[in-house]
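The residues making up each chain are set out below.
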Amino acid sequence: MLFLGHGRRAANPLKVQFAEISDTGNHYEITEDSWFPDKEIRRCAPIRAHLQLVRENDSTVTLEGRLQTGVRFVCDRCLTTYDLPVDLRMRVILEYAEESLLPLPETGGTAAGPETPDTVMLDEPAVDLGDILRQQVLLSLPLKHLCRQDCRGLCPRCGVDLNVQTCNCLDQDDSSPFAVLKKLKKS
Ligand SMILES: [Zn+2]
Ligand SMILES: [Zn+2]
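Calculation rules
Residues numbered from 1 in each chain as written. Chains lettered and ligands numbered in written order. Predicted model: local features only at pLDDT ≥ 70, side-chain atom pairs only at ≥ 80, totals over all residues. Heavy atoms only, no water. Donors = N, O, S within 2.8 Å, 3.2 Å for Na, K, Ca; no water. Tetrahedral: all angles 85-135°; square planar, octahedral: opposite > 155°, others 65-115°. Helix = DSSP H or I, 4+ residues; strand = E, 2+ residues; numbered from the N terminus. Buried < 20%, exposed > 50% of the residue type's maximum accessible area, 1.4 Å probe, protein only. Core = buried A, V, L, I, M, F, W, Y, C linked by side-chain atoms within 4.5 Å. Contact = heavy atoms within 4.5 Å. Pairing = 2+ DSSP bridges.

Caption draft 1: Spotlight on the coordination of the zinc ion (ligand 2). Around the zinc ion (ligand 2), the protein contributes the donor atoms Cys155 (SG), Cys158 (SG), Cys167 (SG) and Cys169 (SG), at 2.2 to 2.3 Å from the metal centre. Around the zinc ion (ligand 2) sit four donor atoms; with metal-centred angles ranging over 106 to 113 degrees, the donor geometry is tetrahedral. Sequence spacing of the donors to the zinc ion (ligand 2): C-x2-C-x8-C-x1-C. With cysteine 155 in the loop between helix H1 (129–140) and helix H2 (177–186) and cysteine 167 in the loop between H1 and H2, this pair connects stretches of sequence that are twelve residues apart. For cysteine 167, a relative accessible area of 27% translates into the label partly exposed.

Caption draft 2: The arrangement of the nonpolar core in detail. In terms of nonpolar packing, the biggest core is built from 36 residues, with Leu53, Leu94 and Leu129 touching the most fellow members. Elements with a contribution of two residues or more to this core: strand S3 (26–30), strand S5 (48–57), strand S6 (60–74), strand S7 (81–96), strand S8 (118–122) and H1. It is S7 that provides the largest number of residues to this core, a total of six residues. If near-sequence neighbours (up to four positions away) are discounted, leucine 129 is found in contact with Leu14, Val16, Tyr28, Ile30, Leu51, Leu53 and Leu63.

Caption draft 3: Spatial organisation of the coordination of the zinc ion (ligand 1). Ligation of the zinc ion (ligand 1) by protein atoms is provided by Cys75 (SG), Cys78 (SG), Cys147 (SG) and Cys151 (SG), these donors lying 2.3 to 2.4 Å from the ion. Each of the four donor atoms around the zinc ion (ligand 1) contributes to a set of angles spanning 107 to 113 degrees, which defines the coordination as tetrahedral. In primary sequence terms, the donor set of the zinc ion (ligand 1) follows C-x2-C-x68-C-x3-C. Placement of cysteine 78 in the loop between S6 and S7 and of cysteine 147 in the loop between H1 and H2 is noted, with a sequence separation of 69 residues between them. On the accessibility criterion, cysteine 78 (5% relative accessible area) is buried.

Caption draft 4: Just the pairing of S5, in detail. Sheet analysis places S3 next to S5, joined by five bridges and oriented antiparallel. Across the sheet, glutamate 29 pairs through a bridge with histidine 50, a residue of S5. Of the pairings in the sheet, the one linking S5 to S6 comprises nine bridges and is antiparallel in character. Paired with glutamine 52 across the two strands is glutamate 64, which belongs to S6. Between S5 and the antiparallel strand that follows it, S6, lie two residues.

Given below as structure tokens:
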């Protein structure tokens, strides 16, 4: 379960009142990108989001949708920059409850499986689609950044990128048991 923070900006174009949402569904095409967490993540493609909101009852709205964009990371191993396409499908239940009725945040709860939709508790009958998109993006991105699964990284001795070059550092490694053997042979 996710909790949205307070302190939203006034005149937010992505804020939708539950009262505006029909029970057959409202569709939103979003190219607005002001919600994107630019401080945390570098974006390298435009935002294209399609969201559908369906009002289930006065206090519950289901959100389903897809977000496409691209982000740029630096590889943890070889330090090159690479672009990662983002194509995210989401399903979120939005629940409005008066503040006094909100359940306490669970501590140490189990993470929801892919088939269990996230539930977001709201303290007013309105949803900021930017908040939802930002949360979904932050949750979906990998913690480890690798330009490719088998990136060989940089040589810890001479620093060459082992994906494009080889070096002889390991052969010259004095601390390896084989180097000791070589020395013994020579003497
Ligand atoms: Zn790499
Ligand atoms: Zn090397």
